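# Reading the structure
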Amino acid sequence: MAKKKFPFRAAVVACNGGCRRTQTPGCEYGCIGCGKCQEACKFGAVHLNEIGVAQVDEEKCIACGKCAKICPQQVIHIHECANYIVVKCSNRNNGKDAGKMCSVSCIGCGICEKTCTAEAVKVQDHLAVIDEAVCLGCGMCAVKCPRHVIIDQRGILTAKY
(Lines give C-alpha, C1' and ligand atoms only; values in the text may rest on other atoms or scores of the structure.)
Protein backbone atom coordinates (compact mmCIF):
# COMPACT_ATOMS: atom_id res chain seq x y z
CA MET A 1 0.00 0.00 0.00
CA ALA A 2 1.25 3.48 -0.84
CA LYS A 3 1.91 5.86 2.02
CA LYS A 4 -0.70 8.59 2.04
CA LYS A 5 -0.38 12.16 3.18
CA PHE A 6 -3.26 13.78 5.01
CA PRO A 7 -5.61 14.87 3.62
CA PHE A 8 -5.64 12.01 1.17
CA ARG A 9 -8.00 11.34 -1.69
CA ALA A 10 -9.99 8.24 -2.57
CA ALA A 11 -12.76 7.23 -4.94
CA VAL A 12 -16.35 7.32 -3.74
CA VAL A 13 -19.39 5.65 -5.31
CA ALA A 14 -22.37 8.01 -5.33
CA CYS A 15 -24.90 5.20 -5.11
CA ASN A 16 -26.00 3.23 -2.08
CA GLY A 17 -27.90 0.61 -4.06
CA GLY A 18 -31.17 1.08 -2.22
CA CYS A 19 -33.19 0.59 -5.39
CA ARG A 20 -31.39 -2.68 -6.15
CA ARG A 21 -32.60 -4.08 -2.83
CA THR A 22 -36.19 -3.86 -4.00
CA GLN A 23 -36.20 -4.05 -7.79
CA THR A 24 -34.13 -4.97 -10.82
CA PRO A 25 -32.84 -3.19 -12.74
CA GLY A 26 -32.21 -0.37 -10.34
CA CYS A 27 -32.27 3.36 -10.77
CA GLU A 28 -31.23 4.61 -14.21
CA TYR A 29 -28.67 6.88 -12.52
CA GLY A 30 -27.21 4.33 -10.11
CA CYS A 31 -24.52 1.68 -10.20
CA ILE A 32 -25.42 -1.11 -12.62
CA GLY A 33 -22.97 -3.60 -11.12
CA CYS A 34 -21.11 -4.14 -14.39
CA GLY A 35 -17.77 -4.62 -12.60
CA LYS A 36 -15.76 -2.44 -14.99
CA CYS A 37 -14.50 -0.35 -12.06
CA GLN A 38 -13.37 -3.47 -10.24
CA GLU A 39 -11.50 -4.70 -13.31
CA ALA A 40 -9.86 -1.30 -13.85
CA CYS A 41 -8.53 -1.08 -10.29
CA LYS A 42 -5.05 -2.56 -10.12
CA PHE A 43 -4.96 -2.13 -6.34
CA GLY A 44 -7.97 -4.25 -5.41
CA ALA A 45 -9.69 -1.23 -3.90
CA VAL A 46 -13.02 -1.65 -5.69
CA HIS A 47 -15.40 -4.57 -5.30
CA LEU A 48 -19.08 -5.28 -5.84
CA ASN A 49 -20.91 -5.69 -2.54
CA GLU A 50 -23.61 -8.24 -1.69
CA ILE A 51 -26.28 -6.33 -3.64
CA GLY A 52 -24.05 -5.78 -6.67
CA VAL A 53 -23.09 -2.14 -6.10
CA ALA A 54 -19.49 -0.94 -6.35
CA GLN A 55 -17.75 -0.11 -3.07
CA VAL A 56 -14.31 1.40 -2.51
CA ASP A 57 -11.85 0.39 0.19
CA GLU A 58 -10.24 3.73 1.11
CA GLU A 59 -7.25 1.97 2.62
CA LYS A 60 -6.32 0.47 -0.74
CA CYS A 61 -7.43 3.31 -3.03
CA ILE A 62 -4.72 5.64 -4.33
CA ALA A 63 -7.19 7.94 -6.17
CA CYS A 64 -5.77 7.18 -9.61
CA GLY A 65 -9.24 7.79 -11.07
CA LYS A 66 -9.33 4.76 -13.39
CA CYS A 67 -12.56 3.50 -11.85
CA ALA A 68 -14.19 6.93 -12.24
CA LYS A 69 -13.12 7.20 -15.87
CA ILE A 70 -14.46 3.78 -16.84
CA CYS A 71 -17.77 3.89 -14.94
CA PRO A 72 -20.54 3.95 -17.57
CA GLN A 73 -22.95 5.53 -15.08
CA GLN A 74 -20.47 8.18 -13.89
CA VAL A 75 -21.32 7.47 -10.24
CA ILE A 76 -17.70 7.26 -9.08
CA HIS A 77 -15.72 10.37 -8.28
CA ILE A 78 -12.52 11.22 -6.45
CA HIS A 79 -13.15 12.63 -3.00
CA GLU A 80 -10.83 14.35 -0.55
CA CYS A 81 -10.96 12.23 2.56
CA ALA A 82 -10.36 15.04 5.03
CA ASN A 83 -14.12 15.49 4.68
CA TYR A 84 -15.96 12.25 5.37
CA ILE A 85 -19.40 13.60 4.45
CA VAL A 86 -20.65 12.35 1.07
CA VAL A 87 -23.86 12.11 -0.94
CA LYS A 88 -24.54 8.43 -1.73
CA CYS A 89 -27.03 9.02 -4.53
CA SER A 90 -26.97 10.12 -8.15
CA ASN A 91 -30.72 10.07 -8.87
CA ARG A 92 -31.76 13.30 -10.57
CA ASN A 93 -35.46 12.49 -10.81
CA ASN A 94 -37.89 14.77 -9.04
CA GLY A 95 -38.54 13.92 -5.40
CA LYS A 96 -41.75 11.98 -5.91
CA ASP A 97 -40.28 9.76 -8.64
CA ALA A 98 -36.96 9.31 -6.86
CA GLY A 99 -38.76 8.35 -3.66
CA LYS A 100 -40.76 5.69 -5.48
CA MET A 101 -37.60 4.24 -7.04
CA CYS A 102 -35.50 3.99 -3.90
CA SER A 103 -36.09 4.33 -0.16
CA VAL A 104 -32.69 6.00 0.26
CA SER A 105 -32.63 8.29 -2.76
CA CYS A 106 -32.26 12.05 -2.58
CA ILE A 107 -35.63 13.70 -3.08
CA GLY A 108 -34.24 17.23 -3.28
CA CYS A 109 -36.10 18.37 -0.16
CA GLY A 110 -33.45 20.99 0.61
CA ILE A 111 -33.16 20.28 4.35
CA CYS A 112 -29.41 19.71 3.91
CA GLU A 113 -29.06 23.03 2.08
CA LYS A 114 -30.96 24.91 4.81
CA THR A 115 -28.96 23.18 7.55
CA CYS A 116 -25.50 23.90 6.13
CA THR A 117 -24.06 27.02 7.77
CA ALA A 118 -21.13 27.05 5.33
CA GLU A 119 -23.47 27.05 2.31
CA ALA A 120 -21.56 24.07 0.94
CA VAL A 121 -24.62 22.00 0.09
CA LYS A 122 -26.83 22.89 -2.86
CA VAL A 123 -29.70 20.98 -4.42
CA GLN A 124 -29.11 20.81 -8.16
CA ASP A 125 -31.37 18.82 -10.50
CA HIS A 126 -33.24 17.41 -7.46
CA LEU A 127 -29.98 16.11 -5.96
CA ALA A 128 -27.85 17.31 -3.04
CA VAL A 129 -24.32 18.29 -4.09
CA ILE A 130 -21.53 19.12 -1.63
CA ASP A 131 -18.84 21.63 -2.57
CA GLU A 132 -15.86 20.00 -0.86
CA ALA A 133 -13.82 23.21 -1.07
CA VAL A 134 -16.37 24.98 1.15
CA CYS A 135 -17.60 22.12 3.35
CA LEU A 136 -16.51 22.23 6.99
CA GLY A 137 -17.20 18.52 7.49
CA CYS A 138 -19.45 19.17 10.49
CA GLY A 139 -21.94 16.57 9.27
CA MET A 140 -25.11 18.45 10.17
CA CYS A 141 -26.44 17.89 6.65
CA ALA A 142 -25.95 14.15 7.14
CA VAL A 143 -27.58 14.16 10.55
CA LYS A 144 -30.61 16.08 9.26
CA CYS A 145 -31.06 14.20 5.96
CA PRO A 146 -34.45 12.49 6.34
CA ARG A 147 -33.61 9.81 3.75
CA HIS A 148 -30.07 9.07 4.98
CA VAL A 149 -28.61 9.90 1.56
CA ILE A 150 -25.86 12.09 2.98
CA ILE A 151 -23.61 9.96 5.14
CA ASP A 152 -20.52 10.12 7.29
CA GLN A 153 -18.21 7.51 5.78
CA ARG A 154 -16.59 6.94 9.17
CA GLY A 155 -19.94 5.78 10.57
CA ILE A 156 -19.74 8.26 13.46
CA LEU A 157 -22.54 10.75 12.73
CA THR A 158 -24.56 8.38 10.54
CA ALA A 159 -24.58 4.70 9.72
CA LYS A 160 -22.22 3.59 6.94
CA TYR A 161 -24.14 2.29 3.93
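Residues numbered from 1 in each chain as written. Predicted model: local features only at pLDDT ≥ 70, side-chain atom pairs only at ≥ 80, totals over all residues. Heavy atoms only, no water.

Below, the discussion takes up the environment of S103. Relative to the elements of secondary structure, S103 occurs in the loop between α4 (95–101) and α5 (111–115). On the accessibility criterion, S103 (55% relative accessible area) is exposed. Along the primary structure S103 and H148 are separated by 45 residues, whereas in three dimensions their C-alpha atoms are 9.2 Å apart. (Helix = DSSP H or I, 4+ residues; strand = E, 2+ residues; numbered from the N terminus. Buried < 20%, exposed > 50% of the residue type's maximum accessible area, 1.4 Å probe, protein only.)

In this section: the nonpolar core. In this structure, V87, V121, A128, I130 and I150 are the most contacted members of the largest nonpolar core, which totals 17 residues. Of all the elements in the fold, those that place two or more residues in this core are β5 (85–87), β7 (127–130) and α6 (140–144). No other element matches β7, which puts three residues into this core. For I130, the residues in contact, after removing those within four places along its chain, are N83, I85, V86, V87, A120, V121, C135 and I150. Counting residues in each nonpolar core, the second largest holds 16 residues, with A10, V13, C67 and C71 among its members. (Core = buried A, V, L, I, M, F, W, Y, C linked by side-chain atoms within 4.5 Å. Contact = heavy atoms within 4.5 Å.)

On to the pairing of strand β6 (residues 121–124), then. In the sheet, β6 pairs with β7 via four bridges, with the strands oriented antiparallel. By the bridge assignment for β7, Q124 is matched with L127. Where β6 folds back onto β7 in an antiparallel hairpin, the turn is made up of two residues, including D125, whose phi is positive at roughly 50 degrees. (Pairing = 2+ DSSP bridges.)

Going through the model one piece at a time under the given rule, you end up with one salt bridge. Ionic pairing is found between R154 and D152, a salt bridge with its closest N-O pair at 2.9 Å. Taking the relative accessible area as the measure of exposure, R154 reaches 37% and is therefore partly exposed. (Salt bridge = Lys/Arg side-chain N within 4 Å of Asp/Glu carboxyl O.)

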